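# Examination of the molecular architecture
Each chain, letter by letter, is given below.
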Amino acid sequence: MGFARTCSVALVGVEGVVVEVQADLEPGVAAFTLVGLPDKSLSESRDRVRAAVVNSGAEWPQKKLTVGLSPASVPKGGSGFDLAVAAAVLGAAERIDPRAIADLVLIGELGLDGRVRPVRGILPAVLAAADAGYSQVVVPEQTAGEAALVPGVSVLGVRSLRQLIAVLTDEPVPEEEPTEAGRPDAMLAGLLVPGAGIGTGLAPDPTDPAGGPDLADVAGQHRARRALEVAAAGSHHLLLSGPPGAGKTMLAERLPGILPPLTRQESLEVTAVHSVAGILPPGEPLVRRAPYCAPHHSATMQSLVGGGNGLPRPGAVSLAHRGILFLDEAPEFSGKALDALRQPLESGHVVIARAAGVVRLPARFLLALAANPCPCGRHTLQGTGCECPAALVRRYQARLSGPLLDRVDLRVEVEPVTRADLLGQGDRGETTAAVAARVREARARTAARLADTPWSVNSEIPGHELRTRYLAAPGALAAAERDIERGFLTARGLDRVLRVAWTVADLAGHDRPDSQDIALALELRTGVTRGVPVGAGERA
């Protein structure tokens, strides 16, 4: 009787569970039994593994073979267990030393010819292995760079099962034929899922230049540009409303350019989500720029928050984690889909319960909404002939529910562009680089103030802390208190005004918000003019 064991990882959402793969050989009629709650794609590994072992020059054991995946209560799926199953079988057959694979974590799909194909979710899988105390992992060669992002883990990238056998038995490692220059590498097909986001607005375009579109291209819109700067500095949610052609989409598309680069921890979080979703560009294992997701208004609730058959997969709110979720023509989205955003906007994650299990996915994003004032878009314009009935306008605007708008910090009316601004006769706005520099300075002040706290930006500070620990200047809240008494502000609204005021103060270099900072925050929140100059809060 032969027995061997090794390890692999089962992914549940973006979290991994280390699975022990055990192989047992007993005398009897040759058979291959796979147990441990596998799905259809994993059950088919029996045929893939058998063909790969034989075509790699190893002998397939002609005995009763049982392969168990433990813990058996965890659902397991995908082809990433192939390499671990093959290694466990070869260990039980004594083709390799069972002790050499006992503490290894192996992840990869096997082709019938023995080649090791890459799979999605390598980074979260290796992170789970490292958290469980494993220090050695074997992955497909194409994803070795992604696995190497995890510190303290020794990574071995292999192109074939033959190479793995040679490494484990101290034999000469055979060379595999490389892909011919100029030909696409078919081995990368498992990393990019068709329809998962590339080229659809759900994922960053890998061919997009680092700079992206310039904010200076936007004509006029000084107040909206100011709101964009505040939103980027404090990660505040933003609503841009105005007639068609005013520049709402142009402004939102330039918001990623003024966001600071992701920190190392944020990059790992974003890369893990994109790896599981199958939109991680090959050759670029680490996402360093804030993602920008802009789904079409026909998107379903499941595509926004996550879903799918079996265990839920990440939706747009998770793909936009640590980045921007832009909903253009927001009133055209279904009310069910929009209201599903309420919980992730507050908590920074989304919990999806399905019959197959409950999955918790990260979803801390900056929400940017763009909306027209009415179905024809001309309701706020003078002399343009809006014929929408008043009841229709109210119904259209009510599609953005009060509870959702209460979670939006900045509400800006985007005015039509004037002839002087459009023809270049007005002052040219600042470039993306100039605004991004101010945003980085403001983020640095925020980080210094929040150094010993679990928060990194002003939008994450709880309301209780804002009212007890991070106090505004004496008398600065007089206008906000009046708005609360008149019913213009809710308790949540006051907390969000205070967060925005701290961001305005950080942009201005103030130690704490003064009355002007609070006034600008109230104006950006309510849309009611408070007599604050557009440039208030900027450094001289």
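Values in this document were obtained by computation on a predicted structure and should not be read as measured data.

### Some thoughts on the pattern of salt bridges
A complete count under the given rule lists 27 salt bridges for this structure. Glu269 is the salt-bridge partner of Arg322, the closest N and O atoms lying 3.1 Å from each other. Of this pair, Arg322 sits in the loop between helix H13 (316-319) and strand S12 (324-327) while Glu269 sits in helix H11 (residues 264-277), placing them 53 residues apart in sequence. On the accessibility criterion, Arg322 (22% relative accessible area) is partly exposed. On the basis of relative accessible area, Glu269 is assigned to the partly exposed category, the value being 23%. Between Arg492 and Glu346 there is a salt bridge, with its nearest N and O atoms 3.3 Å apart. Of this pair, Arg492 sits in helix H22 (residues 491-508) while Glu346 sits in helix H15 (residues 342-347), placing them 146 residues apart in sequence. Look at Arg492 and you get partly exposed, because its relative accessible area is 29%. Each of Glu346, Asp406, Arg407, Asp409, Arg492, Arg496 and Arg525 takes part in one network of salt bridges that share partners.

### Focus on the sheet that holds strand S16 (residues 410-413)
The strand order S11-S12-S15-S10-S16 describes an open sheet built from five strands, whose pairing is parallel. Among the strands making up the open sheet, the edge pair consists of strand S11 (292-293) and S16. Here S11 pairs with S12 via two bridges, running parallel. Looking at S12, one finds that Cys293 is bridged to Leu325.

### Remarks on the side chain of Arg225
Within the fold, Arg225 resides in helix H8 (residues 222-234). In this structure, Arg225 is buried with no salt-bridge partner, the nearest side chain bearing the opposite charge being Glu430 at 5.2 Å. Among the polar contacts made by the side chain of Arg225, one reaches the main-chain carbonyl oxygen of Glu430 at a distance of 2.7 Å. Sequence-distant contacts of Arg225, that is, excluding residues within four places in its chain, are made with Leu215, Ala216, Val218, Gly220, Leu251, Gly429 and Glu430.

### Some points on the pairing of strand S8 (residues 136-140)
Each regular strand displays side chains that alternate between the two surfaces of the sheet. Within S8, four of the five residues are buried, leaving the element largely enclosed by the surrounding structure. Strand direction decides the pairing type here: strand S5 (residues 105-106) and S8, joined by two bridges, are parallel. Note on S8: the bridge partner recorded for Leu106 is Val138. Pairing of S8 with strand S9 (residues 154-158), which is carried by five bridges, proceeds in the parallel orientation. By the bridge assignment, Val137 is partnered in S9 with Val155.

### Here we look at the environment of Gly57
With respect to the element layout, Gly57 can be found in the loop between helix H2 (45-55) and strand S4 (64-70). The exposure class of Gly57 is exposed, given its relative accessible area of 68%. Here the alpha-carbon distance between Gly57 and Gly114, two residues 57 residues apart in the chain, equals 9.4 Å.

### Focus: the side chain of Ser56
Mapped onto the elements of the fold, Ser56 is located in the loop between H2 and S4. A residue is classified by how much of its surface remains accessible, and Ser56, at 11% relative accessible area, is buried. Looking at Ser56, its side chain comes within polar contact range of the main-chain oxygen of Ala52, at 2.6 Å. Discounting residues that sit within four places of it in the chain, Ser56 has contacts with Gly114, Leu161 and Arg162.

### Looking at the packing of aromatic side chains
For the structure on display, the rule yields three aromatic pairs. Look at Phe32 and Trp60: their rings are 5.7 Å apart centre to centre, the planes differ by 45°, and that puts the pair in the tilted class. Of the two residues, Phe32 sits in strand S3 (residues 31-35) while Trp60 sits in the loop between H2 and S4, which places them 28 residues apart along the sequence. Of the two residues, Phe32 and Trp60, both sit in the buried class. Centroid distance Tyr470 to Trp502: 6.1 Å. Interplanar angle 85°. Geometry classified as edge-to-face. Placement of the pair is Tyr470 in the loop between helix H20 (463-468) and helix H21 (478-485) and Trp502 in helix H22, with a sequence separation of 32 residues. Since its relative accessible area comes to 7%, Tyr470 is described here as buried.

What counts, and at which threshold
- Residues numbered from 1 in each chain as written.
- Predicted model: local features only at pLDDT ≥ 70, side-chain atom pairs only at ≥ 80, totals over all residues.
- Heavy atoms only, no water.
- Salt bridge = Lys/Arg side-chain N within 4 Å of Asp/Glu carboxyl O.
- Helix = DSSP H or I, 4+ residues; strand = E, 2+ residues; numbered from the N terminus.
- Buried < 20%, exposed > 50% of the residue type's maximum accessible area, 1.4 Å probe, protein only.
- Pairing = 2+ DSSP bridges.
- Lys, Arg positive; Asp, Glu negative; His and termini not counted.
- Polar contact = N/O pair within 3.5 Å; in protein donor to acceptor, adjacent residues only side chain to side chain.
- Contact = heavy atoms within 4.5 Å.
- Phe/Tyr/Trp six-rings, centres within 6.5 Å; stacked < 30°, edge-to-face > 60°.

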